[in-house]
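# Report on the structure
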Amino acid sequence: MSTAVAENKPAAAEVVPTFTATLMIRRFDPEVDEEPRWEDFDVELYETDRILDALHKIKWEMDGSLTFRRSCAHGVCGSDAMRINGRNRLACKTLIKDLDISKPIYVEAIKGLPLEKDLIVDMEPFFDSFKEVNPFLMAGPVKGGKERKQSPVERARFDDTTKCILCAACTSSCPVFWTDGQYFGPAAIVNAHRFIFDSRDEGAGVRLDILNDKEGVWRCRTTFNCTDACPRGIQVTQAIAEVKQAIIKGKP
Amino acid sequence: MPEKSASNLVAEPQSPPKIRSPKRPAGTLYRGKEGMWSWVLHRITGVAIYFFLLVHILDTALVRVSPEAYNAVIDTYKTPLMGLGEIALVAAIAFHAFNGLRIILIDFWAFGAKHQRTMFWVVIGLWVVLLAAFIPRQLMHIFGG
């Protein structure tokens with residue numbers, strides 16, 4: 001069986017080329033370290049490898065104590081947001097060949113949330129502000145018929161903000177959030193936007209009141225770091241600007 | 001009381017090492033793009049202008065206290081050092097003003113967020129043009145006598 005496969009693919013006999021990249025990882029073990037420290041790893045990689053593959057290689061073959069979150073590994077679950085070469089990215093969506101491997105690749109935990117270990121931060125403050133904006137449909141009983149109907153145009157109004165995977169790449173790229181952890185942060189506002197502009201939802205007023213708070217949308221300083229960091233390409237700053245406008249007008 | 005100390009004695013050896021987060025998790029500088037750096041510049045120029053205004057209100061108010069002291073202060077403004085300071089002041093105010101208009105457009109113009117990067121370079125362009133017109137003239141004032 002195995003020979004048959006080999007005969008079918010004679011070209012596969014050639015060795016797939018690899019290259020060596022250096023990863024500088026900001027490590028922190030709360031039981032040993034007072035401060036985080038940088039540690040470098042030389043990893044042999046393929047052209048098709050992503051940062052996540054490199055981290056796996058380190059964890060499985062070099063240092064089993066390296067700690068990071070990942071789940072689906074395909075950019076959907078939002079577990080592996082980290083700062084790669086100084087920018088928030090998903091490790092599973094960042095190809096090594098797109099980075100400059102003549103220099104070390106810096107990998108560290110996202111900023112602004114309490115560091116727990118290596119690349120893992122405490123996400124609770126992030127999810128707390130997400131919960132505060134009531135991220136669920138608020139609607140009374142259906143009026144007439146059994147369905148809440150929506151036209152394609154009405155659906156398209158909030159399509160961009162439905163794409164959020166709650167990876168925290170945006171919120172932890174925000175300079176306002178770094179210095180003021182009370183700020184709701186882009187992710188919470190994006191998820192509020194998703195319901196505020198949903199024609200089926202009736203809780204827009206409540207959410208706009210919450211976001212009109214001192215720590216709400218007015219904290220946004222339009223640095224566009226969030227828009228740049230979003231692995232789903234959501235126009236985050238645009239969404240925040242729309243929520244600001246909705247608050248001024250008093251309706252979505 | 002004895003109960004308390006007894007429970008303390010039992011609890012102490014088995015209490016796990018306390019998990020502490022580091023004092024300040026620094027790391028590399030975040031590599032934001034035009035948006036972030038325009039915000040940094042906007043904040044720096046804003047604070048600088050605020051302090052200038054504070055001093056400026058004080059020295060203008062001096063005229064009511066003592067016109068002689070006021071004249072003495074105003075005379076120091078004619079020194080070359082202050083002249084160069086005025087260049088810095090105009091540079092700061094011009095950037096803050098143009099970038100302020102950009103921020104207003106981002107918030108109030110429907111396509112503002114989409115074109116923010118272009119608008120940033122327009123701001124820089126206008127700023128350079130304004131300074132190119134102002135600096136030679138100001139240098140003539142300072143050093144031309």
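These remarks concern the structure in this document.

### Digging into the overall build of chain A
For chain A, the helix and strand inventory stands at nine helices and seven strands. Along the first, second and third principal axes, the C-alpha set of chain A runs to 65 × 55 × 30 Å. A buried classification covers 50% of the 252 residues belonging to chain A. Of the contacts made within chain A by residues no fewer than 6 positions apart, 64% connect residues no fewer than 24 positions apart.

### Description of the overall build of chain B
Of the regular secondary structure elements, chain B holds five helices and zero strands. Going residue by residue from the N terminus, the α and β elements of chain B occur as α-α-α-α-α. For chain B, the residues scored as buried account for 23% of the 145 residues in total. Sequence separation of 24 or more characterises 65% of the internal contacts of chain B that already satisfy a separation of 6 or more. Counting only carbon and sulfur atoms, one obtains 72% of the accessible surface of chain B, whose full area is about 10300 Å².

### Things to note about the pairing of strand E5 (residues 105-108) of chain A
Residue and element names in this part refer to chain A. Summarising the sheet, strand E1 (residues 18-27) and E5 pair through three bridges and their orientation is parallel. If you follow Ile25 over to E5, its bridge partner there is Val107. The pairing of strand E3 (residues 81-84) with E5 spans two bridges and is antiparallel. If you follow Arg83 over to E5, its bridge partner there is Glu108.

### Observations regarding the pattern of salt bridges
All names here are of chain A. Under the counting rule described, the total for this entry stands at 24 salt bridges over all chains. With a closest N to O distance of 3.3 Å, Arg37 and Glu39 form a salt bridge. Using a relative accessible area of 22% as the deciding quantity, one classes Glu39 as partly exposed. In this structure, the salt-bridge partner of Arg83 is Glu108, at a minimum N-O distance of 3.1 Å. Taken as a pair, Arg83 in strand E3 and Glu108 in strand E5 lie far apart in primary sequence, 25 residues in all. As far as the burial class goes, Arg83 and Glu108 line up, both buried.

### Quick word on the interface of chain A and chain B
Each partner contributes to the interface: chain A provides 30 residues, whereas chain B provides 26 residues. Carbon and sulfur atoms make up 52% of the surface buried where chain A meets chain B, a total of about 2700 Å² over both sides. On the surface where chain A and chain B come into contact, there are two salt bridges. Note that A:Asp228 and B:Lys33 form a salt bridge whose closest N and O atoms lie 3.1 Å from each other. Where chain A touches chain B, the interface holds 10 residue pairs in polar contact (both at pLDDT 80 or more). Put simply, the parts of the chain that give the side of chain A that touches chain B at least two residues each are strand E4 (87-90), E5, helix H5 (175-179), helix H8 (225-229) and helix H9 (236-249) of chain A. Looking at the side of chain A that touches chain B, the element that brings in the most residues is H9(A), giving five residues. Considering only residue class, the side of chain A that touches chain B consists of 12 nonpolar, nine polar and nine charged.

What counts as what
Residues numbered from 1 in each chain as written. Chains lettered and ligands numbered in written order. Predicted model: local features only at pLDDT ≥ 70, side-chain atom pairs only at ≥ 80, totals over all residues. Heavy atoms only, no water. Helix = DSSP H or I, 4+ residues; strand = E, 2+ residues; numbered from the N terminus. Buried < 20%, exposed > 50% of the residue type's maximum accessible area, 1.4 Å probe, protein only. Contact = heavy atoms within 4.5 Å. Areas by Shrake-Rupley, 256 points an atom, 1.4 Å probe, with all protein chains shown as cover. Pairing = 2+ DSSP bridges. Salt bridge = Lys/Arg side-chain N within 4 Å of Asp/Glu carboxyl O. Buried area = accessible area lost by both parts, 1.4 Å probe. Polar contact = N/O pair within 3.5 Å; in protein donor to acceptor, adjacent residues only side chain to side chain. Nonpolar A, V, L, I, M, F, W, Y, C, P; charged D, E, K, R; others polar.

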